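Listed below, chain by chain, are the residues.
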Amino acid sequence: LVAVDGSPTSNRGLDEAMKLAGWCGAQLRLVHVVDEMSLALAMDAYSGYVGDWLTVLRDAGKQLLEQAVARVKAAGVEADSCMFDSLSGSINDLILHEADHWHAELIVLGTHGRRGPRRWVLGSTAEGIVRRSPVPVLLVRALEDELAVSEQAAAKGEAATANRRAGALTGT
């Protein structure tokens, strides 16, 4: 079972899962979770109607899964996919439930390898899955340059959010 979200880290995890499946003659199940809770927390009053964004996220998730399944099949590996909404449960719970339901023998996850306060504040989906998984979990880290780009993008996003909040508080 491979969790996919379209990020470079997730794509590296998918690459590793494809290699393993090819060597073992295994089938892959690709799972994508639309994380409405993060969206709802990130949205503010000026961002538009949340329902529209959910439709966009769900459509993007379907397209992401279709492309990933096509990529896996092009590599000669059998694959299928499923998508969940995080309002049905936490991302960890949904992935673990699907791994159990599908009888997965391995869970493959890309991980950003966050450390320090960022890990504490953002939490770790991978860590939660590793701690509770009844099957082995393969964690695939991003390349160092991918980590740097990801951290820079996150910092810019946090700065923009802080600026919007400060403007809302001061009326500017």
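Since we're looking at a predicted model, the values are computed, not measured. (Residues numbered from 1 in each chain as written. Predicted model: local features only at pLDDT ≥ 70, side-chain atom pairs only at ≥ 80, totals over all residues. Heavy atoms only, no water.)

### Quick look at the overall build of the protein chain
Phase 1: The helix and strand tally for the protein chain stands at seven helices and five strands.
Phase 2: Moving toward the C terminus, one meets the helices and strands of the protein chain in the order β-α-β-α-α-β-α-β-α-α-β-α.
Phase 3: The burial tally for the protein chain puts 30% of its 172 residues in the buried class.
Phase 4: In the protein chain, 75% of the contacts between residues at least 6 apart in sequence involve partners at least 24 apart. (Helix = DSSP H or I, 4+ residues; strand = E, 2+ residues; numbered from the N terminus. Buried < 20%, exposed > 50% of the residue type's maximum accessible area, 1.4 Å probe, protein only. Contact = heavy atoms within 4.5 Å.)

### A short note on the side chain of Ser133
Phase 1: When you line up the elements, Ser133 lands in the loop between helix H6 (125-132) and strand S5 (137-141).
Phase 2: One polar contact links the side chain of Ser133 to the main-chain carbonyl oxygen of Val135, over a distance of 2.7 Å.
Phase 3: In this structure, Ser133 is in contact with Leu96 and Ile107, ignoring residues within four places of it in sequence. (Polar contact = N/O pair within 3.5 Å; in protein donor to acceptor, adjacent residues only side chain to side chain.)

### Examining the pairing of strand S4 (residues 107-111)
In summary, the side chains of a regular strand alternate between the two faces of the sheet.
Phase 1: Among the five residues that make up S4, four are buried, leaving the element largely enclosed by the rest of the structure.
Phase 2: Direction of pairing for S4 relative to S5: parallel, over a ladder of five bridges. The residue of S5 that forms the bridge with Leu109 is Leu139. (Pairing = 2+ DSSP bridges.)

### Thoughts on the pattern of salt bridges
Phase 1: Counted under the stated rule, the structure contains seven salt bridges.
Phase 2: A salt bridge links Arg71 to Asp15; the nearest nitrogen and oxygen atoms lie 1.9 Å apart. One end of the pair, Arg71, is in helix H3 (residues 50-74); the other, Asp15, is in helix H1 (residues 8-24), and 56 residues separate them in sequence.
Phase 3: Asp80 is the partner of Arg29 in a salt bridge, and the nearest nitrogen-oxygen pair spans 2.8 Å. (Salt bridge = Lys/Arg side-chain N within 4 Å of Asp/Glu carboxyl O.)

### Re H6
Phase 1: Here H6 has its buried residues at Ala126, Gly128 and Ile129. Taken end-on, H6 shows its buried residues confined to a sector of 165°, consistent with a single buried face.
Phase 2: Those residues of H6 that are buried lie in contact with helix H4 (91-102), S4 and S5. (Arc of directions from axis to C-beta.)

### Considering the environment of Val31
Phase 1: With respect to the helices, strands and loops of the structure, Val31 is situated in strand S2 (residues 28-34).
Phase 2: With 29 residues separating them in the primary sequence, Val31 and Val2 have C-alpha atoms 6.1 Å apart.
Phase 3: Excluding residues that lie within four positions of it along the chain, Val31 makes contacts with Leu1, Val2, Ala3, Val4, Leu65, Cys82, Phe84 and Glu98.

### Looking at the environment of Ala21
Phase 1: As for its position among the elements, Ala21 is in helix H1.
Phase 2: In this structure, the C-alpha to C-alpha distance between Ala21 and Val72, residues 51 residues apart in sequence, is 9.7 Å.
Phase 3: Not counting the four nearest positions on each side in its chain, Ala21 is found in contact with Ala26, Leu28 and Val77.

### What to know about unusual backbone geometry
Peptide bonds are mostly trans, and most non-glycine residues show a negative phi.
Phase 1: Even without being a glycine, His103 presents a positive backbone phi close to 65°.
Phase 2: Given the relative accessible area of 66%, His103 is considered exposed.

### What to know about the layout of surface pockets
Phase 1: Taken as a whole, the second largest pocket encloses approximately 280 Å³ of empty space.
Phase 2: Lining the second largest pocket are 14 residues, with Ala26, Gln27, Leu28, Glu105 and Leu106 positioned closest to its centre.
Phase 3: Broken down by element, the residue count for the lining of the second largest pocket peaks at four residues, all from H1.
Phase 4: A per-class count over the lining of the second largest pocket returns 11 nonpolar, two polar and one charged. (1 Å grid on protein atoms, 1.4 Å probe; cavity = no way out; pocket = protein on both sides within 12 Å on 5 of 7 lines; lining within 4 Å. Points joined across faces, edges and corners; volume = space filled by probe spheres on them. Nonpolar A, V, L, I, M, F, W, Y, C, P; charged D, E, K, R; others polar.)

### Some points on the nonpolar core
Soluble globular proteins tend to pack their nonpolar side chains together in the buried interior.
Phase 1: Counting 16 residues, the largest nonpolar core has Val2, Leu14, Leu28, Leu30 and Val72 as its most contacted members.
Phase 2: Looking at this core, the elements with two or more residues in it are H1, S2 and H3.
Phase 3: In this view, Val2 contacts Leu14, Ala17, Leu28, Arg29, Leu30, Val31 and Val108; residues no more than four positions away in its chain are not counted.
Phase 4: Counting 14 residues, the second largest nonpolar core, distinct from the first, contains Leu1, Ala3, Leu109 and Ile129. (Core = buried A, V, L, I, M, F, W, Y, C linked by side-chain atoms within 4.5 Å.)

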